[in-house]
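# Close look at the chain arrangement
Residues per chain are reported as follows:
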Amino acid sequence: MTTSFENLGLSATRAQQLEALGFTEPTTIQAKTIPLLLEGHDVVGQSQTGTGKTAAYSLPILEQVDSNNPAVQALILTPTRELAQQVATAIRDFSGGRRPYILTVYGGQPIERQIHNLERGVQIVVGTPGRIIDLLERKKLKLEQLRWAVLDEADEMLSMGFIDDVKQILKQTPTTRQTACFSATMPREIQDLIVQFLHSPIPVAVQQPQAAPTKIEQHAYFVPRGWSKIRALQPILEVENPTAAIIFVRSEEHTSELQSHSDLVCRLL
């Protein structure tokens, strides 16, 4: 029997919205996690990126959040601003008709604008630990009515040195909150955090099948000094014609430069 999103406990309206987006059948992590969160359990999900965990925790939140209450009801912590942006975009897509107000907060953005949005009323906040603490210390982010806390990619937040910030944030949330922690690995520090801040969490582990490459070839292309490596990338991609690619760069400046040429790169891929 095929499991549907409605079978998991989501409303027919939500299931129809997901179907319109092309989501007809839940992934394993979604099928295991959504019913538990709808029932009010804390959850520890161990899964890799790409398994559908964003929908696994955001859909139950969207199903129960009160759009008429302007207070912050859900807080989602992510290790990077890129992931925060991706999560917020996905939640907006999942929201459908009358959506809650969703605010993304991270460093590098004018904090005054974020404070202004908080003062107007926001139900879901997605952000990085550093900026969340900044807003808490300014007493602009109020969590008295928080119902859900989500730690997305907790092990990445640990490796980036944010674990103490995460603990400081969780200490300022109501003990009655429902908490979900998602992590690809479970180092000792994450296990200790789970023991300290989650209430009888139910573990959900999903292994993503990995296809090991049978053959790996390496090629080196030398770009003359003074040439634009971005422009040199164009004929290389045309020749190699990869179905997917990861491009590593040296600095954030180079990342921004590559992003400004993203249309070129995506067209070639």
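First things first, this report covers the structure right here in the doc. (Residues numbered from 1 in each chain as written. Predicted model: local features only at pLDDT ≥ 70, side-chain atom pairs only at ≥ 80, totals over all residues. Heavy atoms only, no water.)

## Quick notes on the overall build of the chain
Each helix and strand counted, the chain has twelve helices and seven strands in total. Residue burial in the chain is summarised as follows: out of 269 residues, 43% are buried. Pairs at least 24 apart in sequence give 70% of the contacts found in the chain among residues at least 6 apart. Counting only carbon and sulfur atoms, one obtains 49% of the accessible surface of the chain, whose full area is about 15500 Å². (Helix = DSSP H or I, 4+ residues; strand = E, 2+ residues; numbered from the N terminus. Buried < 20%, exposed > 50% of the residue type's maximum accessible area, 1.4 Å probe, protein only. Contact = heavy atoms within 4.5 Å. Areas by Shrake-Rupley, 256 points an atom, 1.4 Å probe, with all protein chains shown as cover.)

## Section: the packing of helix 1 (residues 12–20) against helix 4 (residues 81–95)
Two elements in contact, helix 1 and helix 4, have axes separated by 8 Å at closest approach and are oriented at 120°. Judged by residue contacts, Arg14, Gln17 and Leu18 of helix 1 engage Asp93, Phe94 and Ser95 from helix 4. (Axes fitted to C-alpha atoms, helices over the stretch in contact; angles between N-to-C directions.)

## Some thoughts on helix 8 (residues 163–171)
Every buried residue of helix 8 is listed here: Ile163, Val166, Ile169 and Leu170. All buried residues of helix 8 fall inside an arc of 120° around its axis, so they share one side. In helix 8, the exposed positions that point more than 90 degrees away from the buried face belong to Asp164 and Lys171. In this fold, the buried residues of helix 8 make contact with strand 2 (74–77), helix 6 (129–137), strand 5 (148–152), helix 7 (154–159) and helix 9 (188–197). (Arc of directions from axis to C-beta.)

## Digging into the nonpolar core
Phe5, Leu59, Ile76, Ile91, Ile124 and Val126 are the most contacted members of the largest nonpolar core, which totals 35 residues. Counting residues per element, the ones that place at least two in this core are helix 1, helix 2 (28–38), helix 3 (53–64), strand 2, helix 4, strand 4 (124–127), strand 5 and strand 6 (178–183). For this core, the element with the highest residue contribution is helix 4, accounting for seven residues. When residues no more than four places from it in sequence are discounted, the contact partners of Ile91 are Ser58, Leu62, Ile76, Ile102, Ile124 and Val126. (Core = buried A, V, L, I, M, F, W, Y, C linked by side-chain atoms within 4.5 Å.)

## Regarding the side chain of Asp42
Residue placement: Asp42 occurs in the loop between helix 2 and strand 1 (43–46). Here Asp42 is buried and forms no salt bridge, its nearest opposite-charge partner Arg177 lying at an N-O distance of 6.2 Å. A polar contact is formed between the side chain of Asp42 and the backbone nitrogen of His199, at a distance of 2.8 Å. In this structure, Asp42 is in contact with Arg177, Gln178, Thr179, Leu198, His199, Ser200, Pro201 and Ile202, ignoring residues within four places of it in sequence. (Lys, Arg positive; Asp, Glu negative; His and termini not counted. Salt bridge = Lys/Arg side-chain N within 4 Å of Asp/Glu carboxyl O. Polar contact = N/O pair within 3.5 Å; in protein donor to acceptor, adjacent residues only side chain to side chain.)

## Some thoughts on the sheet that holds strand 4
What the seven strands build is an open sheet, ordered 3-4-2-5-6-1-7; its pairing is parallel. Only two strands of the sheet have a single partner each, and these edge strands are strand 3 (102–105) and strand 7 (202–205). Averaged over all neighbouring strand pairs, the angle between strand axes comes to 15°, with direction disregarded. When strand 5 meets strand 6, the two strands line up parallel, connected through five bridges. Residue Leu151 lies in a different strand from strand 6, and its bridge partner there is Cys181. Across the sheet, helix 2 is in contact with strand 1, strand 6 and strand 7; its angle to strand 7 comes to roughly 165°. (Pairing = 2+ DSSP bridges.)

## Some details on the pattern of salt bridges
Tallied over the entire structure, the rule returns six salt bridges. The shortest N-O distance in the salt bridge between Arg138 and Asp134 comes to 2.9 Å. Residue class for Arg138 comes out partly exposed when judged on its relative accessible area of 43%. Residue Asp134 is classed as partly exposed on the basis of its relative accessible area of 24%. What you see here is one network of salt bridges that share partners, running through Lys53, Asp152 and Glu153.

## Focus on the pairing of strand 4
Residues Ile124 and Val126 point to one face of strand 4 and Val125 and Gly127 to the other, with burial holding for every one of them. With four bridges connecting them, strand 2 and strand 4 associate as parallel partners. Looking across to strand 4, one finds that Leu75 is bridged to Val125. Examined bridge by bridge, strand 3 and strand 4 share four bridges and lie parallel to one another. Looking at strand 4, one finds that Ile102 is bridged to Ile124.

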